[in-house]
Amino acid sequence: MGYDQKLIRSSNRVKCRKLHLAFLTTCCCLVSVTLLVGYSVSSTKLSSWLWNHAVPAAAPMAGGRIGSQNLAADKRELKPVCDFADARSVVCELEGDIRIHGNSSSILFASSSPASWQMKPHPRKDDPNALSHVTQISVTSFTADGDAPRCAVSGSTPAIVFSTGGYMGNPFHDFTDVLIPLFITSFQFDGEVRFLVGDIAPWWIQKYEPILTGLSRHDIIDLNRDDVVRCFPHVIVGLRFHKEMSIDPSRTQNGLSMLDFGRFVRRSFALRRESATKLGADRDKKPRLLIIARRATRVLENVDQVARAARGLGFEVVVAEAGRKTNLTAFARLVNSCDGMMGVHGAGLANFVFLPMNTTLIQVVPLGQLDELARVDFGAPAEDMEMKYLQYGISEEESTLIERYPRDHTVFKDPTAITKQGWTARRSVYLLNQNVKIDVVRFRDVLIQALEFLHQE
């Protein structure tokens, strides 16, 4: 796939309905007056109210369109539809005459009312560290053709503008912050959409090429380096985020879900297996278990011992780790060949998206009151993909923290006190400086349960 261009079309549209004229006229007037005095919608609370109440997104229509009427028949001016109130992402949808100059990080749209705001199109709006790696976009209206730069490239294809910044390269964040939100936002266009992507790296595009080309038939546009003015009739700025590593079907058109994402991923990487091996009553068949190894933090120090225990129960065991330089297509095929996957809490578990349905994910959770975080990050998403999920919380004896702290230390006796010191302290103690030595006798019941899941009809 060329390292040059892509984007999207969506359909949330805005109109003051005649049946509600009294209420909406007041609201629309409020927006107009506010914009005329040059108000910049960067104040989250007020702008959220203005754009979500005065200029509401219309409800979905039959055929997947979102709008109050057929847009082609509606000659009235369409105002931007923005959602600044979502907890994780800011998304604005523009339609009409939209001009994008990537190199200057500017988007201009035709409007009779002055308006201007800035946004970072990445679904971690309340994470300053992540956003420090995201280029800010300026969105501004223009009232006359002479007030905006001329189009160098134009067409009828819609576009999506987003950033891969943030924690790019971490598989969990690649999926939960970019790829799944991109699937949610772009899937409705069936590939007829362009992606204008900021803060990208060639290796990242190459790594996820099967997913990106599956969502768009057009080359990617490197927004930061694009020095021409591109014009579009329909642009979405930002990506729609639902929840960690998953999709809320009630918030999508046509009930799109993680099952759909799983099928899409398997199709994109040409993965052969849709479902796990059906063992039934046959106890001689050996299901395949993949153990995700970690080499830097939260290392499973006795991985060989765990592998032997699993083999002794009847598993065929594979131990592997996917690094930044790993060929993702080959690794996806390895994952898809397995009937179960296990590993210590961490980004490597995001590879569960390549597993067939009806497989089992086992997550080993270190000390530090991380159980709920672990379930939200990987447990619930795996279940959303119709997988079985088992969570194993380690004991103090299974943590290498006992080699660093006395047993009466706050780290063991009052993890809440560490948590109250903030995420940096919690991460340092429990995520960056803790390895795991599983008690294979204690862990045996988890492996047996995983095996029983695979024998169920």
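Before reading on, note that the structure itself is shown above.
These figures come from a predicted structure and were not determined experimentally.

Kindly report on the overall build of the protein, identifying the contributing residues and their values.
For the protein, the helix and strand inventory stands at 14 helices and 15 strands. Within the protein, buried positions represent 55% of all 457 residues. In the protein, 77% of the contacts between residues at least 6 apart in sequence involve partners at least 24 apart. Per element, the accessible surface of the protein, about 19,900 Å² overall, is 50% carbon and sulfur.

Can you explain the sheet that holds strand S15 (residues 388-393)? Please cite residues and give values.
Across a sheet, strands are paired by hydrogen bonds formed along the backbone, either parallel or antiparallel in direction. A sheet is described by the order of its strands in space; here five strands give the open sequence S12-S11-S13-S14-S15, paired in parallel fashion. Two strands in the sheet have a free side with no partner beyond their single neighbour: strand S12 (316-320) and S15. Between one strand axis and the next, the sheet turns by 20° as a mean value, whatever way the strands run. Pairing geometry for strand S11 (residues 288-292) and S12, over five bridges, is parallel. Paired with isoleucine 291 across the two strands is valine 319, which belongs to S12. Against the sheet, helix H9 (residues 328-336) engages S11, S12 and strand S13 (340-344), with an angle of about 130° to S11.

Tell me what's going on with the packing of aromatic side chains, and back it up with residues and numbers.
Counted according to the given criterion, the structure contains 13 aromatic pairs. For the ring pair tryptophan 204 and tyrosine 208, a centre distance of 4.9 Å and an interplane angle of 55° mean the geometry is tilted. Take tryptophan 204 and tyrosine 208: they sit in the same class, and that class is buried. Ring plane angle 40° and centroid distance 6.4 Å describe the contact between phenylalanine 261 and phenylalanine 264, whose orientation is recorded as tilted. Remark: phenylalanine 264 and phenylalanine 261 occur in helix H7 (residues 258-268); sequence separation between them is three residues, near one turn of the helix. Here phenylalanine 261 matches phenylalanine 264 in class, with each residue buried. Here the aromatic residues Phe175, Phe183, Phe187, Trp204, Tyr208, Phe261, Phe264, Phe269 and Phe354 are joined through ring pairs into a cluster of three or more.

Residue-level account of the side chain of aspartate 226, with values.
You can see aspartate 226 is positioned in the loop between strand S9 (221-222) and strand S10 (229-237). Its relative accessible area of 8% is what places aspartate 226 among the buried residues. Within the structure, aspartate 226 has its side chain in polar contact with the side chain of arginine 230 (distance 2.6 Å). Discounting residues that sit within four places of it in the chain, aspartate 226 has contacts with His101, Gly102, Asn103 and Ile221.

Hey, could you go over helix H4 (residues 171-186) for me, with residue numbers and the actual values?
If you look at H4, its biggest bend is around 30°, right at leucine 179, and the proline proline 181 turns up within four residues after that. Within H4, 16 of the 16 residues are buried, leaving the element largely enclosed by the surrounding structure.

How would you sum up the packing of helix H8 (residues 303-313) against helix H14 (residues 440-455)? Please name residues and give values.
The axes of two packed helices give the description: the angle between them and the distance between them. Between H8 and H14, the shortest axis-to-axis distance is 10 Å and the interhelical angle comes to 45°. With respect to each other, H8 and H14 are oriented oblique. In this structure, H8 crosses over H14, and the sense of that crossing is right-handed. Where H8 approaches H14, its residues Gln305, Val306, Ala309, Ala310 and Leu313 are matched on the opposing element by Val440, Phe443, Arg444, Leu447, Ile448 and Leu451.

Break down the state of the cysteines for me, with residues and values.
On inspection of all chains with the given rule, the structure shows two disulfides. Put simply, cysteine 82 and cysteine 92 are joined by a disulfide, and their sulfur atoms are 2.1 Å apart. Between cysteine 82 and cysteine 92, the S-S torsion sits near 120°, and that sign places the bridge as right-handed. With a gap of 10 residues between them, cysteine 82 in strand S1 (residues 81-83) and cysteine 92 in strand S2 (residues 91-101) connect regions that are remote in the sequence. Assigned by exposure class, cysteine 82 and cysteine 92 land together as buried. The disulfide partner of cysteine 151 is cysteine 231, and the S-S distance across this bridge is 1.7 Å. Handedness here is read from the sign of the S-S torsion; for cysteine 151 and cysteine 231, about -95°, the answer is left-handed. Taken together, the positions of cysteine 151 in the loop between strand S5 (137-142) and strand S6 (153-154) and cysteine 231 in strand S10 put the pair 80 residues apart, joining distant regions of the chain.

The rules behind each value
Residues numbered from 1 in each chain as written. Predicted model: local features only at pLDDT ≥ 70, side-chain atom pairs only at ≥ 80, totals over all residues. Heavy atoms only, no water. Helix = DSSP H or I, 4+ residues; strand = E, 2+ residues; numbered from the N terminus. Buried < 20%, exposed > 50% of the residue type's maximum accessible area, 1.4 Å probe, protein only. Contact = heavy atoms within 4.5 Å. Areas by Shrake-Rupley, 256 points an atom, 1.4 Å probe, with all protein chains shown as cover. Pairing = 2+ DSSP bridges. Axes fitted to C-alpha atoms, helices over the stretch in contact; angles between N-to-C directions. Phe/Tyr/Trp six-rings, centres within 6.5 Å; stacked < 30°, edge-to-face > 60°. Polar contact = N/O pair within 3.5 Å; in protein donor to acceptor, adjacent residues only side chain to side chain. Bend = angle between axes of the 7 residues up to and from the residue. Parallel < 35°, antiparallel > 145°, perpendicular 65-115°, else oblique. Left-handed = near helix turned anticlockwise from the far one by under 90°. Disulfide = S-S within 2.5 Å.

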